[in-house]
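# Breakdown of the fold
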Amino acid sequence: MRDIIMAGNWKMNLDASAVEKFCNELLEFSHSVEEGVKMIIAPAYPFLAMGKLILSGTGVELAAQDVSFRSDGAFTGEVSNTMLASLDLKYCIIGHSERRQYHSETDRTVNARLKKLLEVGITPIVCLGETLEEREGNRTQEVVLSQLKGCFDGIGLHDIGKCIIAYEPVWAIGTGRTATPTQAQEVHALIRKWLEDQYDNQTSQELHILYGGSAKPENIRELLMQPDIDGGLIGGASIVLAQYSKMIQTACEVYQERKK
Ligand code: PGA
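Attention in this report is confined to the structure presented alongside it. (Residues numbered from 1 in each chain as written. Predicted model: local features only at pLDDT ≥ 70, side-chain atom pairs only at ≥ 80, totals over all residues. Heavy atoms only, no water.)

### Comments concerning helix H12 (residues 241-259)
Counted only if it meets this: Helix numbers and strand numbers start at the N terminus; a helix is a DSSP run of H or I with at least 4 residues, a strand a run of E with at least 2. One fewer than the residue count of a helix, multiplied by 1.5 Å, yields its expected span. Whether a residue is buried, partly exposed or exposed follows from its accessible area with a 1.4 Å probe, protein chains only, as a fraction of its type maximum: under 20%, in between, or over 50%, in that order. Two residues form a contact once any of their heavy atoms are found within 4.5 Å.
Along its 19 residues, H12 runs 27 Å from first to last C-alpha, staying within 8% of the 27 Å computed at 1.5 Å per residue. Those residues of H12 that fall on the buried side of the exposure criterion are Leu241, Tyr244, Ser245, Met247, Ile248, Thr250, Ala251, Cys252, Val254 and Tyr255. Elements that come into contact with the buried residues of H12 comprise strand S1 (4-9), helix H1 (16-30), strand S2 (37-42), helix H11 (220-224) and strand S8 (231-234).

Set out below in structure tokens:
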């Protein structure tokens, strides 16, 4: 049975003192989290080391929000795979729709980043999802399949198992408009089927597919009750500890129900 991953994407929010406070409170809260639910938080680059230090030994993992597709060198403003690895980071988000929208990210550059992360043993959390226009034009399946093909180009059976996929419909991100559990499940099932067709059944069954897009305490249970939704990539609701911790508690309950 897949465990549940609840990843908080903090985006460009929370400064040094806010991160310190959040992590210390999360440290307290983490003692109450039961088996089967993994917490990951993704603060901005400058605070990864501090978060890692505060949360070491708690089981809460840190993720970066992006990585360069280049190797160390003269690339001002970039952060490399080896730099992240030197912090002993286990996860990194790539291909987020905000990177695609504002920083010209494409499936091709996501694929290059993914390979960089695999080189150093960091698990990529690969984001993909359709825009509103694409959904309304009945192109969701086509778009998602083409993103999968592009992002995982050249990734073999051995490496695909080291990845996490996050389905994030662009129209649901930060808009308050969540995909219904049925809409999300349909795409998650499509992704799992693609994994089975391209790789094998075991891989498709083991790989985590997270949902992201206005997930919050009020809707997380129904989303997590879907058979192919293995957790959340949570933006806005993850920077408020009361909301994030409530969602974790719900995930723990869902995990126990799944076990029955
Ligand atoms: P949101 O963001 O939960 O604020 O919609 C999700 C994300 O962008 O990962």
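Additional details are given in the paragraphs that follow.
### Section: the site of the ligand
Operational definition: Neighbouring residues are identified by heavy atoms, a residue being near a molecule or strand if any of them is within 4 Å of it. Any pair of nitrogen or oxygen atoms within 3.5 Å is treated as a polar contact; in protein, a donor-acceptor pairing is required on top of that, and neighbouring residues in sequence qualify only through side-chain atoms on both sides. Methods summary: accessible areas were calculated by the Shrake-Rupley approach with a probe of 1.4 Å, and residue burial reflects only the protein chains presented. The pocket and cavity definitions rest on a 1 Å grid over protein atoms only: a 1.4 Å probe that fits but cannot leave marks a cavity, an open set with protein on both sides within 12 Å along at least five of seven lines marks a pocket, and residues lining either have an atom within 4 Å of a point. To be counted as sitting in a cavity or pocket, a molecule needs more than half of its atoms within 2 Å of that site's grid points.
In the vicinity of the ligand, 13 residues are found, and the nearest of them are Lys11, His96, Glu168, Gly174 and Ser214. Residue Asn9 places a side-chain N or O atom 3.5 Å away from an oxygen atom belonging to the ligand. Gly236 is positioned such that a nitrogen or oxygen atom in its backbone is 2.8 Å from an oxygen atom of the ligand. Summarising the interface, the protein chains cover 95% of the accessible area of the ligand, which totals 280 Å² for the free molecule. When each cavity is represented as a set of grid points, the ligand is found to reside in the second largest pocket.

### Brief notes about the packing of helix H5 (residues 107-119) against helix H7 (residues 140-151)
Rules: Helix axes are fitted to C-alpha atoms over the stretch in contact, other axes to C-alpha atoms as well, and angles between N-to-C directions run from 0 to 180 degrees. Note that the term roughly parallel is reserved for angles under 35 degrees, roughly antiparallel for angles over 145, roughly perpendicular for angles of 65 to 115, and oblique for everything else. With the far helix as reference, a near helix turned anticlockwise by less than a right angle produces a left-handed crossing, and one turned clockwise produces a right-handed crossing.
Close contact between H5 and H7 brings their axes to 8 Å; oriented N to C, the two are set at 40 degrees. Considered as vectors, H5 and H7 are oriented oblique to each other. Where H5 crosses over H7, the two elements pack in a sense that is right-handed. For the pair formed by H5 and H7, the contact residues are Asp107, Val110, Asn111 and Leu114 on the first element and Ser146, Gln147, Gly150 and Cys151 on the second.

### Focus on the pattern of salt bridges
Between side chains of opposite charge, pairing is possible as soon as their charged atoms come close. Short version of the rule: The term salt bridge refers to a pairing of a side-chain nitrogen on Lys or Arg with a carboxyl oxygen on Asp or Glu at a separation within 4 Å.
This structure, assessed with the given rule, holds 19 salt bridges. A salt bridge links Asp230 to Arg2, with the nearest nitrogen and oxygen atoms 2.7 Å apart. Taken together, the positions of Asp230 in the loop between H11 and S8 and Arg2 in the segment before S1 put the pair 228 residues apart, joining distant regions of the chain. The two residues Asp230 and Arg2 agree in class, both being buried. Note that Arg192 is salt-bridged to Asp228, the shortest N-O span being 2.5 Å. Taken as a pair, Arg192 in helix H9 (residues 181-198) and Asp228 in the loop between H11 and S8 lie far apart in primary sequence, 36 residues in all. In this structure, Arg192 and Asp228 share a single accessibility class: buried. Connected via shared salt-bridge partners are Arg2, Arg192, Asp228 and Asp230.

### Quick look at the packing of aromatic side chains
As a reminder of what qualifies: Between rings of Phe, Tyr and Trp, where Trp is taken as its six-membered ring, a pair exists when centres lie within 6.5 Å; planes separated by under 30 degrees are stacked, by over 60 edge-to-face, and by other angles tilted.
Under the criterion given, the structure shown has four aromatic pairs. Where Trp10 meets Phe22, the ring centres are 4.6 Å apart and the plane angle is 65 degrees; that geometry is what we call edge-to-face. Here Trp10, found in the loop between S1 and H1, pairs with Phe22, found in helix H1; they are twelve residues apart in sequence, far enough to count as distant. By relative accessible area, Phe22 is classed as buried at 5%. Summarising the aromatic geometry, the rings of Phe152 and Trp194 are spaced 6.2 Å apart at their centres and angled 45 degrees between planes, so their arrangement reads as tilted. One end of the pair, Phe152, is in the loop between H7 and helix H8 (157-160); the other, Trp194, is in helix H9, with 42 residues separating them in the sequence.

### Comments concerning the layout of surface pockets
The test is simple: Grid points are joined across faces, edges and corners, and a volume is the space filled by probe spheres set on the points. Classification used: nonpolar for Ala, Val, Leu, Ile, Met, Phe, Trp, Tyr, Cys and Pro, charged for Asp, Glu, Lys and Arg, polar for all others including Gly.
Estimates place the volume of the largest pocket at around 440 Å³. The wall of the largest pocket is formed by 21 residues, among which Lys11, Gln65, Asp66, Arg99 and His103 lie closest to the centre. If you tally residues by element for the lining of the largest pocket, the top one is helix H4 (residues 97-102), at three residues. Here the residues of the lining of the largest pocket are counted per class, giving nine nonpolar, six polar and six charged. Reported here for the second largest pocket is a volume of approximately 200 Å³. By residue class, the composition of the lining of the second largest pocket is five nonpolar, ten polar and three charged.

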